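An overview of the molecular structure
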Amino acid sequence: MTELLERISICVEFGKVDLKSPYPPALKDQQGAFELTRIALDSGVSPGVILEEALIPAMSRVGEKFSRNEIFVPQMLMAAKAMNSSMIHLRPFYLSGETRRKGTFIVGTVTGDLHDIGKNLVAMMIEGAGWEVIDLGVDVSTEKFIETADKYPGAVIGLSALLTTTMENMRKTVASLREIRHSMKILVGGAPVTPEFCVKIGADHYSPDPQGAVEFLKSIAQ
Amino acid sequence: MLPGVEALERAMGYLPGTAPEPVTELIQEVSEELVILDGVKAEYRIFSNIRLWPEDKTVEIEGVIFHVKPIIYSQITDTEEVALFICTAGPLVGEMSRRSMKEGDLLRGYVYDVIGSEVVECAADNMQDELKRAAGTRGMHITNRFSPGYCGWDVAEQHKLFSFFKDNFCDITLTPSALMNPVKSVSGLTGIGRNVRYTSYQCHKCDDNNCIYRNRKTKA
Ligand code: B12
């Protein structure tokens, strides 16, 4: 069984989606994350174990390699695609409540800003770390964040901004969220955002990349 | 007009020739699809009614003051005229990128995105070449191009810049938060004069390690 989990993990790490995916060459004509996850479930491995022992470690290796500049955005996206193909089989168990996630992460690009690639990467990696992700998209108003936070008590919020002008909107959103829920955890990121800015606006954590966000979530989930 | 595979690999972080096969294959596929990319535009206006204010490190163009800050100011101290420009890769690449991402083809969406960024940079480089040629016929030279949001120049000053480009110049609009639409667009200024010169980027003076222009080789 551990061998099967290991194979799923490798497929996810290297972006081997299914039988048809020609990449990586070493796995050509072999089953990918999609088929192997089905096989694992059919042979009685629990969805929780697949997540914990195959997907999470794979995405964690991907995140670490990305932080160390050993791989770049394309390989991260390939891994995310393979992870999603595995998730197709796991999702029904979450929806039925049979398997639980580590928590909920609400993410969006702040009002006035349309950048989404960086935010999407963060969302993918956090989903790959076992969290439910609610992605509100771009140009998200403070009201929308508040409304969603009300629906998911205890959720962690992630805000992205790519321009110095919209960092000001990030500050306003954090202030409004703090007013209604003092203890809510808020994570911030995006190219011009700095750790100093994070402290200044009263957010809880800044990370320059998705892996740092995953580690922060891990630290508060315990 | 389209950037080559190597330039795109570099823009994604790879050393040329080291991106995984699915990435280079997609680059080729998407590039073929985009061969005729409509909507790429680059335009400039040249102003000779300008003043430089050394104490404030500002440039005044037809009465409008731009706070370009010391790094950029030091590059344009001898300028006699200023060209303001806006360039865009058009709306198509951005739309294709979003569509692919929505359909779950994340990598393809990202390839469109990076191509869009490189196309607008190429368009701006070509515009600079044209500006240089035109200045040359009058015995003048040009400086590098500088954009609001870089080297300390506030990104919000794009509102002043756009005030010189009425009527949806190049079909680019600016949101209140100073974001250009289409997203794959750049704006800025270039100095023109007998004693100005093109230099390598002054990266050692700036602390932005993520900048796309950081230590980039300049076209002379
Ligand atoms: C490519 C690029 C462009 C391209 C494409 C832009 C686009 N929006 O698609 C072009 C050439 C068109 C461009 C234009 C401009 N750009 Co530009 N551009 C960049 C560049 C080099 C990379 C952006 C990118 O795609 N990164 C890749 C993605 C994956 O990274 P990311 O979004 O940053 O996300 C990562 C992290 O930030 C983090 N993250 C993101 N969100 C979150 C959220 C949370 C919660 C967490 C934890 C982490 C996190 O994780 C992600 C993965 O690691 C950045 C500099 C840089 N190195 O980041 C400048 C940058 C974004 N641009 C900048 C500027 C100023 C501009 C212009 C205004 C310049 C001008 N006057 O023309 C224009 C504006 C365009 C517009 N539409 O308004 C500034 C913005 C800062 C500022 N001063 O306001 C930057 C930061 C460069 C700088 N000066 O330092 N740009």
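Each chain carries its own residue numbering, running from 1 in the direction its sequence is written. Going through the entries in the order they are written, you letter the chains from A and number the ligands from 1. Selection of residues for local features in this predicted model requires a pLDDT of at least 70, selection of side-chain atom pairs for listing and counting requires 80 or more, and totals for whole chains, interfaces and linings are taken over all residues. Here the side-chain values reflect all heavy atoms present in the structure, with hydrogen atoms and water set aside.

**Comments concerning the overall build of chain B**
To keep things clear, this is the line we draw: Working definition: helices are DSSP H or I runs of at least four residues, strands are E runs of at least two. Numbering for both runs from the N terminus. Three exposure classes are used, based on accessible area relative to the maximum for each residue type with a 1.4 Å probe and protein chains only: buried under 20%, partly exposed in between, and exposed over 50%. Residue contacts follow a heavy-atom distance rule, with two residues in contact if any of their heavy atoms lie within 4.5 Å. Working definition of accessibility: Shrake-Rupley area with a 1.4 Å probe, residue cover restricted to the visible protein chains.
Along its length, chain B carries six helices and nine strands. For chain B, the proportion of its 220 residues judged to be buried stands at 49%. Sequence-distant contacts in chain B: of pairs separated by 6 or more residues, those separated by 24 or more amount to 69%. Of the accessible surface of chain B, which amounts to about 10,600 Å², a share of 49% is contributed by carbon and sulfur atoms.

**What to know about the packing of aromatic side chains**
All names here are of chain B. Rules: For this analysis, a ring pair means two rings from Phe, Tyr or Trp (six-membered ring only for Trp) whose centres lie within 6.5 Å, classed as stacked if their planes differ by under 30 degrees, edge-to-face if by over 60, and tilted for the remaining angles.
By the definition in use, this model includes four aromatic pairs over all chains. Between Phe47 and Phe164 the ring centres are 5.0 Å apart and the planes differ by 65°, which places this aromatic pair in the edge-to-face class. Taken together, the residues Phe47 in strand β1 (residues 41-47) and Phe164 in the loop between α6 (158-162) and β7 (173-174) connect sequence positions 117 residues apart. On the basis of an interplanar angle of 85° and a centroid distance of 6.2 Å, the ring pair of Phe66 and Trp153 is categorised as edge-to-face. Here Trp153 lies in the loop between β6 (141-146) and α6 and Phe66 lies in strand β4 (residues 64-66), a separation of 87 residues in the sequence. For Phe66, a relative accessible area of 0% gives the class buried. Through successive ring pairs, a cluster of aromatic residues spans Phe47, Phe66, Trp153 and Phe164.

**What about the interface of chain A and chain B?**
Accessible area lost on assembly of the parts is the figure often given for the size of an interface. Put simply, the test is: Accessible-area loss on putting two parts together, using a 1.4 Å probe and summing over both, is the definition of buried area adopted here. Salt bridges, as used here, are contacts in which a Lys or Arg side-chain nitrogen is within 4 Å of a carboxyl oxygen on Asp or Glu. Think of a polar contact as two N or O atoms within 3.5 Å of one another; within protein, one of them needs to be a possible hydrogen donor and the other a possible acceptor, and neighboring residues in sequence only count if both atoms come from side chains.
In this assembly, 19 residues from chain A lie in contact with 21 residues from chain B. Regarding the contact of chain A and chain B, the summed buried area is about 1,800 Å², with carbon and sulfur atoms giving 75% of it. On the chain A side of the contact with chain B, Phe72, Pro74 and Ile117 of chain A bury the most area, a combined 26% of that side's loss. In this structure, the connection of chain A to chain B is made through zero salt bridges. Remark: the boundary between chain A and chain B carries three residue pairs in polar contact (both at pLDDT 80 or more). Of all the secondary structure elements, the ones that give two or more residues to the side of chain A that touches chain B are α4 (73-95), α5 (117-128) and α7 (164-180) of chain A. It is α4 of chain A that provides the largest number of residues to the side of chain A that touches chain B, a total of seven residues.

**Quick word on unusual backbone geometry**
Following Tyr23 of chain A, the chain continues to Pro24 of chain A via a peptide bond in cis, the omega torsion being -10°. Topologically, Pro24 of chain A is positioned in the loop between α1 (2-14) and α2 (33-42). Of note, the bond from Asn181 of chain B into Pro182 of chain B is cis; its omega dihedral lies within 30 degrees of zero at 0°. Here Pro182 of chain B is to be found in the loop between β8 (180-181) and β9 (185-193). In this model, Asp139 of chain A sits at a positive phi of 50°, which is unusual for a non-glycine residue. Phi is positive for Lys57 of chain B, close to 55°, though the residue is something other than glycine.

**Brief notes about helix α3 (residues 47-67) of chain A**
What sets the pattern is the α-helix's 3.6 residues per turn: residues three or four places apart point alike. Residues and elements named next belong to chain A. Convention followed: Under the convention used throughout, the expected extent of a helix is 1.5 Å for every residue step, that is, one less than its residue count. What we call the bend at a residue is the angle made by axes fitted to the seven residues finishing there and the seven residues starting there.
Across its 21 residues, α3 extends 28 Å between first and last C-alpha, which sits within 8% of the 30 Å expected from 1.5 Å per residue. At Leu55, α3 shows its maximal bend, which comes to roughly 30°, and the proline Pro57 appears one to four places after that position. Within α3, burial applies to Pro47, Ile50, Leu51, Ala54, Leu55, Ile56, Ala58, Met59, Val62, Gly63, Lys65 and Phe66. Elements that come into contact with the buried residues of α3 comprise α1, α2, α4, α5 and α9 (210-221). Of the residues trailing α3, Asn69 is marked for its positive phi of about 60°.

**As for the packing of α5 of chain A against α9 of chain A**
Each pair of packed helices gets described by two things: the angle between the helix axes and the distance between those axes. Residues and elements named next belong to chain A. Cut-off, in case you're wondering: Convention adopted: a line fitted to C-alpha atoms gives each axis, helices being fitted over their contacting stretch, and angles between N-to-C directions are expressed from 0 to 180 degrees. When an angle is under 35 degrees it counts as roughly parallel; over 145 it counts as roughly antiparallel; between 65 and 115 it counts as roughly perpendicular; any other value is oblique. In this scheme, a crossing is called left-handed if the near helix is turned counterclockwise away from the far one by less than a right angle; it is called right-handed if the turn is clockwise.
Contact geometry of α5 with α9 gives a least axis separation of 9 Å together with a crossing angle of 40°. By the angle class used here, α5 and α9 are oblique. Considering only the axes of α5 and α9, their crossing is right-handed. Judged by residue contacts, Leu121, Val122, Met125 and Ile126 of α5 engage Pro210, Ala213, Val214 and Leu217 from α9.

**Comments concerning the environment of Gly202 of chain A**
Residues and elements named next belong to chain A. By the element assignment, Gly202 lies in the loop between α8 (195-201) and β5 (205-206). Sequence separation between Gly202 and Glu35 is 167 residues; the distance between their C-alpha atoms is 45 Å. Apart from residues no more than four positions distant in its own chain, Gly202 is found in contact with Val174 and Arg178.

**Quick look at the domain arrangement of chain A**
Residue and element names in this part refer to chain A. Defined as follows: Here the limits of each domain have been adopted from an automatic or database domain assignment. Nonpolar residues are Ala, Val, Leu, Ile, Met, Phe, Trp, Tyr, Cys and Pro. Charged residues are Asp, Glu, Lys and Arg, and all others, Gly as well, are polar.
In terms of domain boundaries, chain A breaks down into domain 1 (2-95) and domain 2 (104-221). Averaged C-alpha coordinates put domain 1 and domain 2 at centres separated by 26 Å. Residue-level contacts link 18 residues of domain 1 with ten residues of domain 2. When the two sides are added together, the surface that domain 1 and domain 2 hide from each other amounts to roughly 1,100 Å², 72% of it contributed by carbon and sulfur. Inspection of the domain 1/domain 2 interface yields one salt bridge. For Glu127, the salt bridge identified is with Arg91, shortest N-O distance 3.0 Å. The interface formed by domain 1 and domain 2 holds two residue pairs in polar contact (both at pLDDT 80 or more) in total. Tallying contributions element by element places α3 first for the side of domain 1 that touches domain 2, with ten residues. Classifying every residue of the side of domain 1 that touches domain 2 by side-chain character gives twelve nonpolar, four polar and two charged.

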